[in-house]
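# Remarks on the overall topology
Single-letter residue listing:
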Protein chains: 2
Amino acid sequence: MRAAAALKRFESFLREKNLRMTEQRKAILLLAWDTHDHFSADEIYAWVRDQDASASRATVYRTLALLVEGGFLASLQDARGMTLYEHILGHSHHDHMVCLGCGKILEFRNEAIEALQEQVASQHRFHMVRHELRLEGYCAGCEPPTETEV
Amino acid sequence: MRAAAALKRFESFLREKNLRMTEQRKAILLLAWDTHDHFSADEIYAWVRDQDASASRATVYRTLALLVEGGFLASLQDARGMTLYEHILGHSHHDHMVCLGCGKILEFRNEAIEALQEQVASQHRFHMVRHELRLEGYCAGCEPPTETEV
DNA sequence: CTAGTTGCAAAGGATTTGCAACTGA
DNA sequence: TCAGTTGCAAATCCTTTGCAACTAG
């Protein structure tokens, strides 16, 4: 989904909740749509500050929470447990491989795994609303550490 | 694996790294083996304090990190993002369903999902060392929130 | 107008760290 | 003995919150 369309959806989302569209909220949504990478709260805060030096971290965190709630962004954890975000509206769900060497995050989607998750959940009469699958290891460019490096 | 066996392994692990077995480390390992539930750093700290009122949180955190490194414990995130631990040595790997209603954590294991993960990783020339699969939703005893409750 | 929003600064909560006193091997 | 360990308190890091001044609708 393009940024303009996402923005329209965000406006509807806010209207339905009797919340207001503000300059900061608009800027944060657009910045999130501008990157195809995963970003941290602090990174997007820096980008917001580039546009508006008076913006606060508080607003960034409040807006990120809204965007996650509305299904615009998804959050995930990087190798060190830090929260990262990515825009997902209009994108198909995917899972992540996190490289413990360089920190790079690879995305993948596997229909069979998705289907099996649904199956497992329903077997346990569990009403699944989301899931997170993270594979940790070393990407093609990074060697796993050897015994002696420990 | 029984507590006594785990303790022996912990001793070997420490010896190999030129670290020492201490009363606190022993107590923490045994307490971790005493529960079949997931526990937080603060919970095990409270249990340690029951035995030795002078023990410190710092030691608990340091020891938990050691136990995770040695493959004695695994860590996972609960519904609120808090880190929980569980003892895993000698237990087969499993994944988790986290109830957003009551916080309960259900365990499951699905061979097909495990196999597919391996397959996906190797397709991407990714050397997987561990993975975490978490399904979030509502367990059989908890109703999903309705629209109006939001 | 006025409920919702913001920036600020302070609070929060989990975890880590520096350090001097201890202790296991 | 002496490198490794501990408890303490302070420090960190990320995130949330109270509040008075703003602002969208």
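This write-up is about the structure you can find in this document. Think of each chain on its own: its residues are numbered from 1, step by step along the sequence as written. To read the labels, note that chains go from A and ligands from 1, taken in the order they are written. The model is predicted, so local features are restricted to residues of pLDDT at least 70 and side-chain atom pairs to those at 80 or more, both for listing and for counting; the totals for chains, interfaces and linings are taken over all residues. Note that water and hydrogens are dropped before the side-chain values are worked out from all heavy atoms of the structure.

### Remarks on the interface of chain B and chain A
What counts here: In this analysis, two residues are considered to be in contact whenever any of their non-hydrogen atoms come within 4.5 Å of each other. What counts as buried area is the accessible surface, traced by a 1.4 Å probe, that two parts surrender upon association, with contributions from both included. Salt bridges are defined by distance alone: a side-chain nitrogen of Lys or Arg within 4 Å of a carboxyl oxygen of Asp or Glu. In the analysis that follows, any N or O atom pair within 3.5 Å is treated as a polar contact, provided that within protein one partner can donate a hydrogen and the other can accept it, and provided that, for residues neighboring in sequence, both atoms belong to side chains. Each helix is a run of H or I in the DSSP string that is no shorter than four residues. Each strand is a run of E no shorter than two, and both are numbered from the N terminus. Under the convention adopted here, Pro, Cys and the residues Ala, Val, Leu, Ile, Met, Phe, Trp and Tyr are nonpolar, Asp, Glu, Lys and Arg are charged, and Gly plus all remaining residues are polar. A pair of strands is considered paired only if DSSP assigns at least 2 bridges between the two.
On the side of chain A, 34 residues touch chain B, which itself brings 35 residues to the contact. Carbon and sulfur atoms supply 68% of the area that chain B and chain A bury against each other, a total of about 2,900 Å² over both sides. Notably, a salt bridge pairs B:Arg130 with A:Glu136, separated by 2.7 Å at the nearest N-O pair. For the pair chain B and chain A, the interface holds ten residue pairs in polar contact (both at pLDDT 80 or more). If you list the elements that add at least two residues to the side of chain B that touches chain A, you get strand 4 (95-99), strand 5 (105-108), helix 5 (111-123) and strand 6 (127-138) of chain B. In terms of residue count, the dominant contributor to the side of chain B that touches chain A is strand 6 of chain B (twelve residues). Grouping the amino acids of the side of chain B that touches chain A by side-chain chemistry returns 21 nonpolar, six polar and eight charged. With eleven bridges joining them, strand 6 (residues 127-138) of chain A and strand 6 of chain B adopt antiparallel strand pairing. What sits directly across from A:His127, in strand 6 of chain B, is B:Tyr138.

### Examining unusual backbone geometry
Excluding glycine, a negative phi dihedral is what most residues carry, and trans is how most peptide bonds are arranged. Operational definition: Residue exposure (1.4 Å probe, protein chains only): buried if accessible area is under 20% of the type maximum, exposed if over 50%, otherwise partly exposed.
Located in the positive-phi region is A:Arg125, a residue other than glycine, with phi close to 50°. Given a relative accessible area of 61%, A:Arg125 falls into the exposed group. With a phi close to 55°, B:Asn18 is a non-glycine residue in the positive phi region. Summarising the element assignment, B:Asn18 is placed in the loop between helix 1 (3-16) and helix 2 (23-34).

### With respect to the pairing of strand 2 (residues 73-77) of chain A
In terms of burial, strand 2 of chain A is largely enclosed, as four of its five residues are buried. Adjacent in sequence and paired antiparallel, strand 2 of chain A and strand 3 (residues 83-87) of chain A are bridged by five residues, among which A:Gly81 carries a positive phi angle near 90°.

### Quick word on the layout of surface pockets
As a reminder of what qualifies: The pocket and cavity definitions rest on a 1 Å grid over protein atoms only: a 1.4 Å probe that fits but cannot leave marks a cavity, an open set with protein on both sides within 12 Å along at least five of seven lines marks a pocket, and residues lining either have an atom within 4 Å of a point. Grid points are joined across faces, edges and corners, and a volume is the space filled by probe spheres set on the points.
Of the volumes computed, that of the largest pocket is approximately 1,500 Å³. Around the largest pocket, the lining comprises 45 residues; the ones closest to its centre are A:Val68, A:Leu73, A:Val129, A:Arg130 and B:Glu136. Residue assignment for the lining of the largest pocket shows that the elements contributing at least two residues are helix 4 (57-69), strand 2, strand 3, strand 4 (95-99), helix 5 (111-123) and strand 6 of chain A together with strand 6 of chain B. Here the lining of the largest pocket takes seven residues from strand 6 of chain A, the largest share from any one element. In the lining of the largest pocket, the residues fall into 15 nonpolar, 17 polar and 13 charged. By volume, the second largest pocket is sized at about 870 Å³. Along the walls of the second largest pocket sit 31 residues, with A:Glu136, B:Val68, B:Ala74, B:Ser75 and B:Arg130 positioned nearest its centre. Elements that contribute at least two residues to the lining of the second largest pocket include exactly strand 6 of chain A together with strand 2 (73-77), strand 4 and strand 6 of chain B. Counted by class, the lining of the second largest pocket contains eleven nonpolar, twelve polar and eight charged residues.

### Side note on the protein's contact with DNA strand C
To keep things clear, this is the line we draw: For this purpose, a residue is taken to be near a molecule or strand whenever a single non-hydrogen atom of the residue falls within 4 Å of it.
The immediate surroundings of DNA strand C are formed by 21 residues, with A:Arg20, A:Arg25, A:Thr59, B:Arg20 and B:Tyr61 found nearest. For DNA strand C, the fraction of protein-proximal atoms (within 4 Å) that sit in sugar or phosphate groups is 70%. Contact between DNA strand C and B:Arg20: a base nitrogen at 2.8 Å from a side-chain N or O atom of the residue. One of the side-chain nitrogen or oxygen atoms of B:Tyr61 is found 2.6 Å away from a phosphate oxygen of DNA strand C. Elements that contribute at least two residues to the surface near DNA strand C include exactly helix 2 (23-34) and helix 4 of chain A together with helix 4 (57-69) of chain B. No other element matches helix 4 of chain B, which puts four residues into the surface near DNA strand C. Residue composition of the surface near DNA strand C, by class: eight nonpolar, seven polar and six charged.

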